[in-house]
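# Structural features, examined
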Amino acid sequence: MSPKNVIFKKVCKDKSVGVYMGKRDFVDRVDSVEPLDGVILVDPEALQGRKVFVTLSCTFRYGRDDMDVMGIAFRRELYLATRQVYPPLQDREKGIHTRVQAKLLRKLGNNSYPFFFEFPDNLPCSVALQPAPSDVGKQCAVEFEIKAFSAESQDAKVRKRSTVKLMLRKVQYAPEGEGIAPSVETTRDFVMSDKPLHVKASLDKEVYYHGEPIKVHVSVTNNSSKNIKNIILSVDQIANVVLYSNDSYAKCVDIEDSGDSVSPGATLQKVYTMLPLLANNRERRGIALDGKLKHEDTNLASSSIVKDGVLKEVLGIMVSYRVMVKLIVGGMMGSSEVGLEVPFKLMHAKPDTVSRRRRLCSRNSSAPT
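- The name given to the chain in an unreviewed UniProt entry is S-arrestin, with Astatotilapia calliptera as the source organism.
- Per UniProt, the comment on the chain under Sequence similarities (unreviewed entry) is "Belongs to the arrestin family."

### Topic: the nonpolar core
- Ranked by size, the top nonpolar core spans 71 residues in total, and within it Leu-36, Ile-40, Phe-115, Ile-146 and Val-325 carry the most contacts.
- Among the elements that line this core, the one with the most residues is strand β21 (residues 317–329), at seven residues.
- Among the nonpolar cores identified, the runner-up in size contains five residues, and Ala-174, Val-207, Tyr-209 and Met-347 belong to it.

### Here we look at the packing of aromatic side chains
- Tallied over the entire structure, the rule returns seven aromatic pairs.
- With centroids separated by 5.8 Å and ring planes inclined at 70 degrees, the aromatic side chains of Phe-119 and Phe-144 adopt a geometry described as edge-to-face. With Phe-119 in the loop between β9 (112–117) and β10 (127–129) and Phe-144 in strand β11 (residues 141–151), this residue pair connects regions lying 25 residues apart in the sequence. Summarising the burial analysis for this pair, Phe-119 and Phe-144 share the class buried.
- With centroids separated by 6.0 Å and ring planes inclined at 90 degrees, the aromatic side chains of Tyr-208 and Phe-344 adopt a geometry described as edge-to-face. Residue Tyr-208 is found in strand β15 (residues 207–209), and its partner Phe-344 is found in strand β22 (residues 336–347); the two are separated by 136 residues along the sequence.
- Given the relative accessible area of 2%, Tyr-208 is considered buried.

### Looking at the side chain of Arg-50
- Relative to the helices and strands, Arg-50 is located in the loop between α1 (44–47) and β5 (51–61).
- The exposure class assigned to Arg-50 is buried, which follows from its relative accessible area of 7%.
- Within the local environment of Arg-50, its side chain forms a polar contact with the side chain of Ser-150, the two groups lying 3.2 Å apart.
- With residues near it in sequence (within four places) discarded, Arg-50 still touches Asp-14, Ser-16, Tyr-86, Ser-150, Ala-151, Glu-152, Arg-159 and Ser-162.

### Topic: the pattern of salt bridges
- For the structure shown, the criterion picks out 13 salt bridges.
- With a closest N to O distance of 3.7 Å, Glu-341 and Arg-322 form a salt bridge. Separated by 19 residues along the polypeptide, Glu-341 in strand β22 and Arg-322 in strand β21 bring together distant segments of the chain.
- Look at Glu-341 and you get partly exposed, because its relative accessible area is 44%.
- Each of Asp-14, Arg-50 and Arg-159 takes part in salt bridges that share partners, so that together they form one network.

Conventions adopted
- Residues numbered from 1 in each chain as written.
- Predicted model: local features only at pLDDT ≥ 70, side-chain atom pairs only at ≥ 80, totals over all residues.
- Heavy atoms only, no water.
- UniProt positions renumbered as here; feature names shortened; annotations may be inferred.
- Core = buried A, V, L, I, M, F, W, Y, C linked by side-chain atoms within 4.5 Å.
- Buried < 20%, exposed > 50% of the residue type's maximum accessible area, 1.4 Å probe, protein only.
- Helix = DSSP H or I, 4+ residues; strand = E, 2+ residues; numbered from the N terminus.
- Phe/Tyr/Trp six-rings, centres within 6.5 Å; stacked < 30°, edge-to-face > 60°.
- Polar contact = N/O pair within 3.5 Å; in protein donor to acceptor, adjacent residues only side chain to side chain.
- Contact = heavy atoms within 4.5 Å.
- Salt bridge = Lys/Arg side-chain N within 4 Å of Asp/Glu carboxyl O.

What follows is the structure in structure tokens.
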């Protein structure tokens, strides 16, 4: 996340336009999104009579900008909004929405002007597919950008020297409430076996935070005549690229080959611990990551939470997670598999939730024993 009490500043090459913003991360609360605001500083002499505009865009990119097939670029704008900032179309004081804007306007002087955008609630969050180490150019991603430029009109040709861009990030936090802890079970009958095999897998909760261990409770009751040779657990990330192809990519981001066996007539009760981390998957192409700003690290993509009624086809990349529990069953004709899929959500905790936990841990550690 962007640090607090930091002003992000960027000025175009000809010094005619500069952008000032108090943050670059904006929280999607499913039913609403934090609005975007900032200040534009202009140099009237450098503008030479040109106007100044600001645009907010959301783009789905699935190829490099210099690639095209039959004149079709590998990018699609999901959203684009433009505001004229200079000359102002309304009184400057009416355009102030936040205290940060007010402070910036006082500090920057009379040639500074506020801007304000509201995100639609049907746009995806920032996410990207990790390229291979040998890949060049920009990766497949959903990206947000604020752009300020000077031109004779909104539709006139824009010079690069008169343009300044800042990448933004739209993020989601784990929802309030615990939710229902997921649990899945199955019963499998076998030929030439009078009784079945029963398997149950469950998690402690529905939502886990990035970097938090996931405890998987596995219960096996093997009343069959088959021998369970091994139990393999994995955490899979499923990324659905729903905008242009509806492709689905399932990537294993953590695995445990336990070697545990269950003989006929025996039972097993065991808790396995899984820990999906980007640190263990940095070389793997196609894994979905949370969108990142320049020079910042990121993590595995957070689970996508979508508002009811929103068309998933316009959301670019949808991400979900599951724990797979696979039993390898021995037999005379070779081995077979019995598998369970346990869905869960992997997300960021709200900053105030993290602060509360730290304060609680601090109080507990300082309490007399």
